[in-house]
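# Fold and geometry: a report
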Amino acid sequence: MFNSRVLSKYTLLLGQEEKTVIQSFTASVDRKFISLMSLSSDGCIYETLVPIRPTDPEKNQRVVRSLLLKAVASGNAQNGVALTVLDQDHVAVLGSPLPASKECLSIWNIKFQTLQTSKELPQGTSGQLWYYGENLFMLHGKFLTVIPYKCEVSSLAGALGKLKHSQDPGTHVVPHFANWETSQGCGFGCQNSEQSRRILRRRKIEVNLQPEVPPSKQLLLTVKKDSEKHIEVELRKFLAIKQTPDFHAIIGDIVTGLLGRCKAEPSFYPRNCLMQLIQTQVLSYSLCPGLMEVALQKTDVQLLQLCLQQFPDIPESVTCTCLKLFLSIGDDCLKETDINMESVFDYSGAVQDEKMEERTKIFQNGFNLEEGNCNNCDQEVNENQDTAEETTSCPVIPKRAALLRNAILHSAYSETFLLPHLKDIPAQHITLFLQYLYFLYLKCSENASMTLPGINPPTLNQIMDWICLLLDANFTVVVMIPEAKRLLINLYKFVKSQISVYSELNKIEVSFRELQKLNQEKNNRGLYSIEVLELF
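Residues numbered from 1 in each chain as written. Predicted model: local features only at pLDDT ≥ 70, side-chain atom pairs only at ≥ 80, totals over all residues. Heavy atoms only, no water.

## Details of the overall build of the chain
Across its full length, the chain carries 18 helices and 14 strands. The buried share among the 536 residues of the chain stands at 41%. Look at the contacts in the chain between residues 6 or more apart in sequence, and 64% of them connect residues 24 or more apart. Surface exposure of the chain reaches about 31700 Å², of which carbon and sulfur atoms provide 53%. (Helix = DSSP H or I, 4+ residues; strand = E, 2+ residues; numbered from the N terminus. Buried < 20%, exposed > 50% of the residue type's maximum accessible area, 1.4 Å probe, protein only. Contact = heavy atoms within 4.5 Å. Areas by Shrake-Rupley, 256 points an atom, 1.4 Å probe, with all protein chains shown as cover.)

Written as structure tokens, this is what we have:
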């Protein structure tokens, strides 16, 4: 037997093909030899036999390669060239057969030096090809394609394409590029010989002897024709079963089936089933992009909230569409909707009157907002009364706050792609969202930790990032709205106060640095002295 612990070195003698370069290779093992097949830059396939039991393992031995097939691929091909062994008589080659032709997948008979079949690949390949379980796997364009292929017993009639074909009435031809969900049986190039027909008949008999259908297939059949209530019951039973390795794919198929029926039957909308499937935490937007589209058409804010919380790859355009819906939907509709209210509190009734009176004297980060730092602003509003009202009442109802706080603020985004879509939101809705964000900021400022109460609250940085994004996208419009004037003044005063705070902190930092220098000098002198340092 082959001993993997022994290192054997071999030198490959190229002979007359010294200028050729190996572009792809594959290997197969039998009892005596390791057959190494290589596809060279001249478009030919060569074979090298390496003995499993070398005569002298410690000596560098020489092996030669022999020509196996000629002109199976273009010598000018630089990318997308691959080679794999199907059986002892067949190989699969990925590449361009002619210099000016497109890439294709070819099946060659080594024994009779003939081309069995080929398939053109217009989208190109990446030069990767595998064969496992009578299936060819390759990258075609941006997709992984599976092509069923069964090698027949090599014969001269089969190599020349002169076998008599007959097709049973119960069989069907499988397309060259098989769909992962629908591919069954053999694929292209599968000769319907007597042996293959016997295998098909035997499989049919085995299926008849096993009437039990897998639960996943039963559920997919139920999705196509049964009522919403029955589908919900069967789905609950299926989810209670132990998960299989293909659980992700099955859930994706179920969602696809439900959404397809929703589009075909407008009255069909299995909302509870979709909620259960999203809560499995195996779905994503890229796996079922039509799910949020259907939810937006149905104005299902609860389903959208759940998608925003579960899906990590939602595009910014869809996030903005959800934000527009959350801000525009009426309060009466929201009150009748069951929304996740986790960690959302109605602050309007939680503040006592004495706290409202003391609000006007609270310092924000060491700076008093009520001082006369903005002479023009003080003439516009009555600060004491307005500040108390704005800091003690939430500008939106609790259910709308839950949608904004637990869904929108936690969604992932890129500023570059989000800003253009924020400009499409009406100015009144932008103002409302800014008021709510400013309210959250004031709530963060009430405690030393600068955080909101509850589970997984939005951070202060998230709140400030959204405020900046909204102002960057809509400032020229918002500044013209009378309702936003007071809010913009407060934001201006907040920014000005922060600048003052950081300025004072910089002064303190400089003073501490001077103290450190004096301390170092004192230690160096070894003398005792008393010095008075005036900070202000």
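## Observations concerning the packing of helix α8 (residues 301-310) against helix α9 (residues 316-328)
Between two packed helices, both the angle of their axes relative to each other and the distance between the axes serve to describe the pair. Packing of α8 against α9 leaves a shortest axis separation of 11 Å and a crossing angle of 140 degrees. When the axis of α8 is compared with that of α9, the two are oblique. Judged by the sense of rotation from one axis to the other, the crossing of α8 with α9 is left-handed. Note on element contacts: α9 touches α8 through Thr319, Cys322, Leu325 and Phe326, opposite Val301, Leu304, Gln305 and Leu308. Across the contact of α8 with α9, the residue classes tally to six nonpolar, two polar and no charged. (Axes fitted to C-alpha atoms, helices over the stretch in contact; angles between N-to-C directions. Parallel < 35°, antiparallel > 145°, perpendicular 65-115°, else oblique. Left-handed = near helix turned anticlockwise from the far one by under 90°. Nonpolar A, V, L, I, M, F, W, Y, C, P; charged D, E, K, R; others polar.)

## Considerations on helix α7 (residues 290-297)
Buried residues of α7: Gly290, Leu291, Met292, Val294 and Ala295, and no others. On its buried face, α7 sits against α5 (247-264), α6 (271-278), α8 and α9. Just downstream of α7 lies threonine 299, where phi reads positive at about 55 degrees.

## A look at the sheet that holds strand β6 (residues 82-85)
Strand pairing in a sheet relies on backbone hydrogen bonds, with the paired strands running either antiparallel or parallel. Pairing within the open sheet is antiparallel, and its four strands lie in the order β6-β7-β8-β9. Sheet topology places β6 and β9 (114-120) at the edges, where each strand pairs with a single neighbour. The mean angle between the axes of side-by-side strands here comes to 15 degrees, regardless of whether they run parallel or antiparallel. Where strand β8 (residues 104-109) lies against β9, six bridges are found, and the strand directions are antiparallel. (Pairing = 2+ DSSP bridges.)

## A look at the sheet that holds strand β4 (residues 45-51)
Read across the open sheet, the five strands follow the order β1-β5-β4-β3-β2; overall the sheet is mixed. In this open sheet, the two edge strands, each paired with only one partner strand, are β1 (10-13) and β2 (22-29). Direction aside, the axes of adjacent strands within the sheet are offset by 30 degrees on average. Pairing geometry for strand β3 (residues 33-40) and β4, over seven bridges, is antiparallel. Considered in β4, the bridge of leucine 36 is made with threonine 48.

## Here we look at the environment of leucine 67
Note on placement: leucine 67 falls in strand β5 (residues 61-69). Classification of leucine 67 as partly exposed rests on a relative accessible area of 45%. Residues leucine 67 and glutamate 47, spaced 20 residues apart in sequence, show a C-alpha to C-alpha distance of 6.4 Å.

## Here we look at the pattern of salt bridges
Going through the model one piece at a time under the given rule, you end up with eight salt bridges. The shortest N-O distance in the salt bridge between glutamate 504 and lysine 507 comes to 3.7 Å. Note that glutamate 504 and lysine 507 are positioned in helix α18 (residues 485-525) at a spacing of three residues, about one turn of the helix. Judged by its relative accessible area of 46%, lysine 507 falls in the partly exposed class. Arginine 513 is the partner of glutamate 509 in a salt bridge, and the nearest nitrogen-oxygen pair spans 2.8 Å. Of this pair, glutamate 509 and arginine 513 are both found in helix α18, four residues apart, which corresponds to roughly one turn of the helix. Since its relative accessible area comes to 47%, arginine 513 is described here as partly exposed. (Salt bridge = Lys/Arg side-chain N within 4 Å of Asp/Glu carboxyl O.)

## Description of the nonpolar core
Core analysis: the largest hydrophobic core is formed by 88 residues, its most contacted members being Met292, Phe311, Leu422 and Phe433. In contact with leucine 422, not counting residues within four places along its chain, are Cys320, Leu323, Ile430, Trp466, Leu469, Leu470, Ala473 and Asn474. Ranked by size, the runner-up nonpolar core spans 14 residues in total, among them Ile45, Val81, Val85 and Trp108. (Core = buried A, V, L, I, M, F, W, Y, C linked by side-chain atoms within 4.5 Å.)

## Regarding the confidence of the model for the chain
Here the chain averages 76 in pLDDT, while 74% of its residues score no lower than 70. No element of the chain has a lower mean pLDDT than helix α11 (residues 353-358), which averages 39, and none a higher one than α9, which averages 94. Note that pLDDT drops below 50 for residues 348-385; the model gives that stretch 50 contacts with residues more than four away or on any other chain. (pLDDT = per-residue confidence, 0-100.)

## What to know about the pairing of strand β12 (residues 143-148)
As paired strands, strand β11 (residues 135-140) and β12 are joined by six bridges and run antiparallel to one another. Note that in β12 the partner of methionine 138 across the bridge is threonine 145. As consecutive antiparallel partners, β11 and β12 are separated by two residues, and within that stretch glycine 141 has a phi angle of approximately 70 degrees, a positive value.

## Some points on the state of the cysteines
The full count for this structure, using the stated rule, is zero disulfides. You can see cysteine 322 has no disulfide; the closest cysteine sulfur is in cysteine 307, sitting 8.0 Å from it. (Disulfide = S-S within 2.5 Å.)

## Here we look at unusual backbone geometry
For glutamine 281, which is not a glycine, the phi torsion comes out positive at approximately 65 degrees. Among the secondary structure elements, glutamine 281 is positioned in the loop between α6 and α7. Positive phi values are uncommon outside glycine, yet threonine 299 reaches one of about 55 degrees. By the element assignment, threonine 299 lies in the loop between α7 and α8.

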